[in-house]
Amino acid sequence: MDLTNEERQLLQSLRSLHGKLRDNTYTTYRRINPFYEDLFDWKERGRYWSGRDSITIYNSTSIAGQVEIGEHTWIGPFCSLDGTAGIRIGSHCSLSVGTQILTHDTVSWCLSGGKQPYEYAPVSIGDRCFIGSHAVILKGVSIGDACVIGAGAVVTSDVPSGTIVAGVPARRIGKTTVDADSRVQLVMDDVPAT
Amino acid sequence: MDLTNEERQLLQSLRSLHGKLRDNTYTTYRRINPFYEDLFDWKERGRYWSGRDSITIYNSTSIAGQVEIGEHTWIGPFCSLDGTAGIRIGSHCSLSVGTQILTHDTVSWCLSGGKQPYEYAPVSIGDRCFIGSHAVILKGVSIGDACVIGAGAVVTSDVPSGTIVAGVPARRIGKTTVDADSRVQLVMDDVPAT
Amino acid sequence: MDLTNEERQLLQSLRSLHGKLRDNTYTTYRRINPFYEDLFDWKERGRYWSGRDSITIYNSTSIAGQVEIGEHTWIGPFCSLDGTAGIRIGSHCSLSVGTQILTHDTVSWCLSGGKQPYEYAPVSIGDRCFIGSHAVILKGVSIGDACVIGAGAVVTSDVPSGTIVAGVPARRIGKTTVDADSRVQLVMDDVPAT
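Given the structure is predicted, the values throughout are model-derived calculations rather than measurements.

A. The sheet that holds strand 14 (residues 148–149) of chain A, seen in detail. Residue and element names in this part refer to chain A. Read from one edge to the other, the open sheet built from eight strands follows the order 2-4-6-11-14-16-17-18, with strand pairing classed as mixed. For this open sheet the edge positions go to strand 2 (56–57) and strand 18 (184–188), each flanked by a neighbour on one side alone. Pairing analysis gives five bridges linking strand 17 (residues 171–178) to strand 18, with the strands arranged antiparallel. Directly across from Lys175, in strand 18, lies its bridge partner Val187.

Dropping the structure here:
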């Protein structure tokens, strides 16, 4: 490969820096991260977006538009929070790896060969919600408080507070209860065997 | 952490550059991107691969092999277009975040402990198709024109033009119509309540 | 954008290095990678984590905690192997793009507003397993040898050796057989037409 001296030196320095950061992360956390996650601070990123100290946002996650995020909410890697039409997320939520929240789509734009506009609708998520890995929340959806969205769920309609949903599309499979002592129960609905 | 002066300076410069690029993206688009998406240009990447000016390809997306991409097609982040056996994608398509298109698999290789070869088959997608977030299109699949592939769908068999599919595995749930004035309708099939 | 000379030079050098690495990857493999995947070596990363030469781990994949990985196992991009409670993965496995393996969850933590602890349970995967793109394997799951986990599957319960599962949640759809000559068959269960 025909690199200039400067490019070759940069490549070498990036690789040696990567090695040192990786060693440090491994020694401290027994963990290896993508290079870009070792370069930047997840809490600093949460603060940058939200002004709050308690929010985690991984570097590989994109956030756009109007996106409000409550205290102690954790947003993992590979998420997209497309707030072009507005997203509100409450406190103490976990948005697991790869959560996608969409407030627009290009369905009509595509089908019409670019002649129809994008379509928009806001999304809201209450407090104390767990969003499983790779869940997709489509435009216009409201999710209440204390909900569980299963891994891989595609949420196409509203989810009332205290509900557990799962599947593609997401269906109710149970409810959550939290008592005065903060004890949590997941109460699954009876379902016919399949 | 035991960094050399050079590594420490590079780390510092990467962080300050990241901060400036992030400020610029935030001010211009009210958006925060992964660092690597702020470094490079999505249209330039589309041009590099396809020779066309109208194609967007995010930096986190990989493309390999024979992959033809039509005009005005948008390819978001975290996609893989594995064209080892060939992929054709038409014009005015959206490949939403995390779309996976596969033209090979290692099923037999794994099961046989490395004794059987990889298996291959091409994929094609027509014009004006919307592919939802995290959809996976398996090897050998042909998708016609003006189709909608739902978010999270796993497409295991062919999809005729004008069809809406969704689910794991993807099943037909309706059809698309576009009239002479480019008005779009999504006509959902009757389905028994579940 | 108000960059210092040093930042501007770094940006320029990163872009020119990116261009050269991309050209090299394209010429050698007819492929374009994310910038960070062109910087680092996938086999070196496998060796760093596991001490073995035959393991591939993409840079965008995170690994944490106790994660044992067998010989010749391939781990693609955008995966998370959360081994906080321990993960064992056998030999000759493919973990396709975006595979998520979880050994903890924050469901009770979220629902209780941070008053309940995280919950943990280990995961194991046998030898010669194929894990499809975007599959999610939840905490506590054991997968035997020679299994196929379909793309997009969410695995919530144990999978016996020689089983094919798919869907959200994952259900058995067939079995795998491998004869003495390493010939592989996927034998699908009869399922009622839907």
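B. Structural detail: helix 3 (residues 42–50) of chain A. Within helix 3 of chain A, burial applies to Arg45, Gly46 and Trp49 of chain A. The arc that holds every buried residue of helix 3 of chain A, seen down its axis, measures 100°, which confines them to one face. Contacts made by the buried residues of helix 3 of chain A are with strand 2 and strand 3 (62–69) of chain A together with helix 1 (5–29) and strand 1 (31–32) of chain B. With a side-chain oxygen positioned 3.4 Å from the backbone nitrogen of Lys43 of chain A, the residue opening helix 3 of chain A is Asp41 of chain A. Positive backbone phi, at 75°, marks Gly51 of chain A, one or two positions downstream of helix 3 of chain A.

C. Spatial organisation of the side chain of Thr56 of chain B. Residues and elements named next belong to chain B. One can find Thr56 in strand 2 (residues 56–57). In this structure Thr56 comes out as buried when scored by relative accessible area, which is 6%. A polar contact of 3.1 Å, which involves the side chain of Thr56, links it to the side chain of Lys43. Here Thr56 is in contact with Trp42, Lys43, Thr73, Trp74 and Ile75, once residues within four sequence places are set aside.

D. Highlighting the interface of chain B and chain A. The interface is formed by 47 residues belonging to chain B together with 48 residues belonging to chain A. Surface buried jointly by chain B and chain A totals about 4,000 Å² across both partners, of which 63% is contributed by carbon and sulfur atoms. Its largest share of buried area at the contact with chain A, chain B owes to Arg22, Arg30 and Ile32 of chain B, together 15% of the area lost on that side. Where chain B touches chain A, the interface holds two salt bridges. One salt bridge connects Lys20 of chain A with Glu7 of chain B, and the closest N-O pair in it is separated by 2.7 Å. Seen at the junction of chain B and chain A, the total is 18 residue pairs in polar contact (both at pLDDT 80 or more). Going through the elements one at a time, helix 1, strand 1, helix 2 (35–39), strand 17 (171–178) and strand 18 (184–188) of chain B are the ones with two or more residues in the side of chain B that touches chain A. At 10 residues, the largest contribution of residues to the side of chain B that touches chain A is made by helix 1 of chain B. Relative to strand 1 of chain B, strand 3 of chain A is paired through two bridges, and the arrangement is antiparallel. Looking across to strand 1 of chain B, one finds that Ala64 of chain A is bridged to Arg31 of chain B.

E. Seen up close, the sheet that holds strand 2 (residues 56–57) of chain C. Residues and elements named next belong to chain C. Ordered in space as 2-4-6-11-14-16-17-18, the eight strands form an open sheet in which the pairing is mixed. At either margin of the open sheet sits one strand with a lone partner, and together these are strand 2 and strand 18 (184–188). Pairing between strand 16 (residues 163–166) and strand 17 (residues 171–178): four bridges, direction antiparallel. Opposite Val165, over in strand 17, you have Arg172 as the bridge partner.

What counts, and where the lines are drawn
Residues numbered from 1 in each chain as written. Chains lettered and ligands numbered in written order. Predicted model: local features only at pLDDT ≥ 70, side-chain atom pairs only at ≥ 80, totals over all residues. Heavy atoms only, no water. Pairing = 2+ DSSP bridges. Helix = DSSP H or I, 4+ residues; strand = E, 2+ residues; numbered from the N terminus. Buried < 20%, exposed > 50% of the residue type's maximum accessible area, 1.4 Å probe, protein only. Arc of directions from axis to C-beta. Contact = heavy atoms within 4.5 Å. Polar contact = N/O pair within 3.5 Å; in protein donor to acceptor, adjacent residues only side chain to side chain. Buried area = accessible area lost by both parts, 1.4 Å probe. Salt bridge = Lys/Arg side-chain N within 4 Å of Asp/Glu carboxyl O.

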